[in-house]
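Single-letter residue listing:
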Amino acid sequence: MPIFAIPLLLAAAAAAPVAADPAAAAPVVTRLPAPSAPRLKADVTAMVGFGTRHTASTTTDPRRGIGAARTWAARRFTEIGATCGGCITVERIARNFTGVRAPTGVVVEDVLGIQRGRDPNRVVIIGAHIDSRVTDVMNAVSDAPGANDNASGVALVLEAARLLSQRQFDATIVYAVFSGEEQGLWGAELLADTAKARGWQVSAMLNNDIVGNTVGQGGIRVADKVRVFSEGIRASEDLVAQQARRAEGGEDDGPSRALAKSIDDIARGIPGGLDVMIDRRPDRFGRGGDHEPFLKLGYPAVRFSVAAENWDRQHQDLRTEKGVVFGDTIEGMDFPYLAKVTAINVATLVRIASAPAAPDDVSIAGALSRDTSVKWTAVPGAAGYRVRWRRNDMATWTDTRDVTGTETETVLVQVPVDDTFVGVSALSAGGAESLVTFGGRERRR
């Protein structure tokens with residue numbers, strides 16, 4: 001029996017007008033089988049079985065090391081693609097990196113499963129790093145099982161590919177398995193640079209890192225929450241753009257924060273699922289993850305991570321001291337919980353890959369008026385748009401208006417611009433909604 005069912009959005013086969021009533025524009029909902037906890041456990045067990053997956057470990061041994069692990073991941077994508085007539089193609093991209101944690105250089109390779117959408121250029125990325133480590137980050141030979149950090153994330157990515165491989169979406173989905181994370185987020189940097197070089201329009205990047213435990217440091221158990229980290233002020237914005245965002249009040253509504261808020265909304269619709277804690281930082285305090293290279297290039301990106309970390313089981317040599325078990329072994333994981341995190345990722349992928357791109361630009365005006373004028377750029381393929389607003393002492397949208405067809409402006413009567421935040425999203429014919437683009441001052445052309 002499934003743990004729970006996942007609500008998924010289906011685009012209508014033919015274009016239809018978007019209803020003016022938001023309730024009438026609700027997406028068609030179907031259900032897929034829930035993520036499989038046994039399948040997730042089997043994939044984590046397989047990765048742990050490679051002994052170490054340190055980025056500088058052997059690439060020639062067929063049963064041990066990072067090379068064998070990456071080949072296994074590529075084979076898993078191939079197997080999943082075979083069930084849908086080759087809908088997922090496998091690509092392996094690589095680059096040599098040198099740094100403090102690899103002073104003589106190391107080849108970092110990413111394994112990609114690419115599920116082509118109707119628009120091959122618009123992309124949604126879900127990723128996780130496969131490399132592991134022990135206490136000494138330079139130790140590439142000792143056993144480093146890396147069960148939760150981060151076989152859990154890779155298993156989630158593979159399970160998402162399995163569940164979604166039988167469907168076609170408007171956007172292309174890239175399932176990414178990174179290496180080089182522990183050396184400097186190098187695998188993520190490689191894919192972010194590749195996305196830019198190929199001209200991909202990245203609608204969202206979901207990074208999953210340490211997503212499979214519920215018992216944290218000191219024995220605290222948190223099994224009903226997952227953290228989603230997101231930036232407010234964008235890393236890609238120059239000082240002038242940052243000052244403009246601050247002046248407009250958009251610190252809590254950048255694209256990555258909009259992504260986090262959408263994930264929170266989606267999670268609330270999954271019966272028996274998890275509460276999403278929107279963590280209003282790019283990552284844990286003073287730390288980082290594989291979504292950050294994407295943020296630097298301006299792509300919306302977030303990190304999923306457990307609500308209660310157990311540092312005795314992260315980056316540790318395998319040992320027991322005074323009755324305390326150290327090391328990232330599979331015994332520290334909770335696979336039903338990992339299945340619930342997977343469900344949120346899958347539902348998010350479906351919504352964003354089914355929707356059009358978010359509007360590039362939204363502007364508002366209404367100085368010395370009780371009304372607010374809203375304008376936005378047209379989005380190719382959009383069947384309509386959803387205007388959202390809230391009082392500017394609120395964190396989440398409270399009011400909506402749907403605008404049909406090709407209209408790209410509206411007036412909110414008795415909604416004063418000084419006291420209101422406004423955003424606009426694009427809608428598919430089936431009601432799937434893009435991320436919300438925050439409204440600011442009109443750009444000078």
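Everything numeric here is computed off the predicted structure, so don't read it as measured data. Within every chain, residues take consecutive numbers counted from 1 along the sequence as written. Two thresholds apply to this predicted model, a pLDDT of at least 70 for residue-level local features and 80 or more for giving and counting side-chain atom pairs, whereas whole-chain, interface and lining totals are computed over all residues. By convention in this description, side-chain values take in all heavy atoms of the structure and omit both hydrogens and water.

Colleague: Before we go on, may I ask you to explain the overall build of the chain in this structure?
Modeller: Here a helix means four or more residues in a row that DSSP labels H or I, a strand means two or more in a row labelled E, and each is numbered from the N terminus. When helices and strands are counted, the chain shows 9 helices and 19 strands. For 445 residues, the compact-globule formula gives about 22 Å, and the C-alpha radius of gyration of the chain, at 22 Å, lands near that figure. When the backbone C-alpha atoms are referred to their principal axes, the chain occupies close to 70 × 45 × 40 Å. Any pair of residues with heavy atoms lying within 4.5 Å of one another is described as a contacting pair. Across the chain, every contact between residues at least 6 apart in sequence was considered, and the portion connecting residues at least 24 apart equals 76%. Accessible surface computed for the chain: about 18100 Å², of which carbon and sulfur atoms make up 52%. Note that the radius of gyration is over C-alpha atoms, with the globule rule given as 2.2 Å times the number of residues to the power 0.38. Where accessible areas are quoted, they stem from the Shrake-Rupley method and a 1.4 Å probe; at the residue level, only the protein chains shown are allowed to cover.

Colleague: Sorry, what's going on with the packing of aromatic side chains here?
Modeller: Both the distance between ring centres and the angle between the ring planes are used here to describe each pair of aromatic rings. Stacked, tilted and edge-to-face pairs are distinguished by plane angle, under 30 degrees for stacked and over 60 for edge-to-face with tilted covering the rest, among Phe, Tyr and Trp rings (Trp via its six-membered ring) whose centres lie within 6.5 Å. Tallied over the full model, the rule gives 6 aromatic pairs. Ring geometry for F77 and Y175: centres 6.4 Å apart, planes at 35 degrees, overall tilted. Residue F77 is found in helix α2 (residues 66–82), and its partner Y175 is found in strand β6 (residues 171–178); the two are separated by 98 residues along the sequence. A relative accessible area of 0% places F77 in the buried class. For Y175, a relative accessible area of 0% gives the class buried. Here the aromatic rings of F421 and F438 are separated by 5.5 Å at their centres, their planes lie at 65 degrees, and the arrangement is edge-to-face. With F421 in strand β18 (residues 420–427) and F438 in strand β19 (residues 437–438), this residue pair connects regions lying 17 residues apart in the sequence. Partly exposed residues are those whose accessible area sits between 20% and 50% of the maximum for their type, while under 20% is buried and over 50% is exposed, using a 1.4 Å probe and protein chains only. Given the relative accessible area of 14%, F421 is considered buried.

Colleague: What is the right way to read the pattern of salt bridges from this model?
Modeller: Side chains carrying opposite charge are able to pair once their charged atoms draw close together. Any carboxyl oxygen of Asp or Glu within 4 Å of a side-chain nitrogen of Lys or Arg constitutes a salt bridge here. Tallied over the entire structure, the rule returns 33 salt bridges. Across the pair D193 and R95 runs a salt bridge, and its minimum N-O distance is 3.2 Å. A residue pair is termed long-range when its members are at least 10 positions apart, and D193 in helix α5 (residues 186–198) and R95 in strand β3 (residues 88–99) qualify at 98 residues. Using a relative accessible area of 29% as the deciding quantity, one classes D193 as partly exposed. The network of salt bridges with shared partners includes D209, R227, D283, R284, R287, R303 and E309.

Colleague: I would appreciate a short explanation of unusual backbone geometry in the present structure.
Modeller: Outside of glycine, negative phi angles account for most residues, and trans bonds account for most peptide bonds. Cis rather than trans, the peptide bond between D149 and N150 has omega equal to 10 degrees. Relative to the assigned elements, N150 resides in helix α3 (residues 147–164). Even without a glycine there, the phi angle at I210 is positive, about 65 degrees. Examined against the element boundaries, I210 turns out to sit in the loop between β7 (201–208) and β8 (225–229). The backbone of K322 shows a phi angle near 50 degrees, a positive value even though the residue is not glycine. Along the chain, the position of K322 falls in the loop between β11 (319–321) and β12 (324–326).

Colleague: How should the layout of surface pockets be read in this particular structure?
Modeller: Taking a probe equal in size to a water molecule and rolling it over the atoms shows the remaining empty space. The computed volume of the largest pocket comes to approximately 1000 Å³. Forming the boundary of the largest pocket are 36 residues, of which R234, R245, D360, T437 and R443 lie nearest the centre. Secondary-structure elements contributing two or more residues to the lining of the largest pocket are β7, α6 (239–248) and β19. The leading source of residues in the lining of the largest pocket is α6, at 5 residues. In the cavity and pocket records, a cavity denotes points on a 1 Å grid over the protein atoms alone where a 1.4 Å probe fits but cannot get out, a pocket denotes an open set with protein on both sides within 12 Å along at least 5 of 7 lines, and lining residues are residues with an atom within 4 Å of a point. Grid points are joined across faces, edges and corners, and a volume is the space filled by probe spheres set on the points.

Colleague: Mind showing me how you'd approach the state of the cysteines here?
Modeller: Disulfide: a covalent bond formed between the sulfur atoms of two cysteine residues. Whenever a pair of cysteine sulfur atoms sits within 2.5 Å, that pair is classed as a disulfide. Counted under the stated rule, the structure contains 1 disulfide. Here C84 connects covalently by a disulfide to C87, the sulfurs 1.8 Å from one another. Taking the torsion about the S-S bond as the criterion, the C84 to C87 disulfide, at about -70 degrees, is left-handed.

Colleague: It is not clear to me how helix α7 (residues 255–268) should be interpreted in this structure. Could you clarify?
Modeller: Given 3.6 residues per turn, any residue in an α-helix points the same way as the ones three and four places further on. Helix length check: α7, at 14 residues, gives a terminal C-alpha distance of 20 Å against a target of 20 Å (1.5 Å per residue), a fit within 8%. With 11 of 14 residues buried, α7 is to be regarded as a mostly interior element. Buried within α7 are the following residues: S256, R257, A258, L259, A260, K261, S262, I263, D264, I266 and A267. A helix is expected to reach a length of 1.5 Å times the quantity of its residues less one.

Colleague: Is there a simple way to explain empty space enclosed by the protein in this structure?
Modeller: Enumeration over the complete set of coordinates arrives at 2 cavities of 30 Å³ or more. Counted as a void, the largest cavity has a volume near 60 Å³. Taken together, N148, N213, V215, N310, R313, Q314, D328, T329, G332 and M333 make up the full set of residues lining the largest cavity. Tallied by class, residues from the lining of the largest cavity come to 2 nonpolar, 6 polar and 2 charged. Roughly 50 Å³ of internal volume is contained in the second largest cavity. Forming the walls of the second largest cavity are S132, R133, A144, P145, G146, D149, E182, H315, Q316, L318 and D328. Amino acid classes used here: Ala, Val, Leu, Ile, Met, Phe, Trp, Tyr, Cys and Pro are nonpolar; Asp, Glu, Lys and Arg are charged; the rest, including Gly, are polar.

Colleague: Explain the sheet that holds β3 to me, please; I cannot follow it from the model alone.
Modeller: Sheet strands pair by backbone hydrogen bonding; their relative direction is either parallel or antiparallel. A pair of strands counts as paired when DSSP detects no fewer than two bridges linking them. Taken in spatial order, the 8 strands make up an open sheet running β3-β4-β6-β5-β7-β10-β8-β9, and their pairing is mixed. The open sheet terminates on both sides in strands that have one partner only, identified here as β3 and β9 (275–279). Going across the sheet, the axis of each strand differs from the next one's by a mean of 25 degrees, ignoring polarity. Summarising the sheet, strand β4 (residues 102–115) and β6 pair through 5 bridges and their orientation is antiparallel. When the bridges of β6 are listed, G113 appears paired with Y175. Packing of α2 onto the sheet brings it into contact with β3, β4 and β6, and relative to β3 it is tilted by some 160 degrees. Under this scheme, a helix contributes an axis fitted over its contacting stretch, all axes are lines through C-alpha atoms, and angles between N-to-C directions fall in the 0 to 180 degree range.

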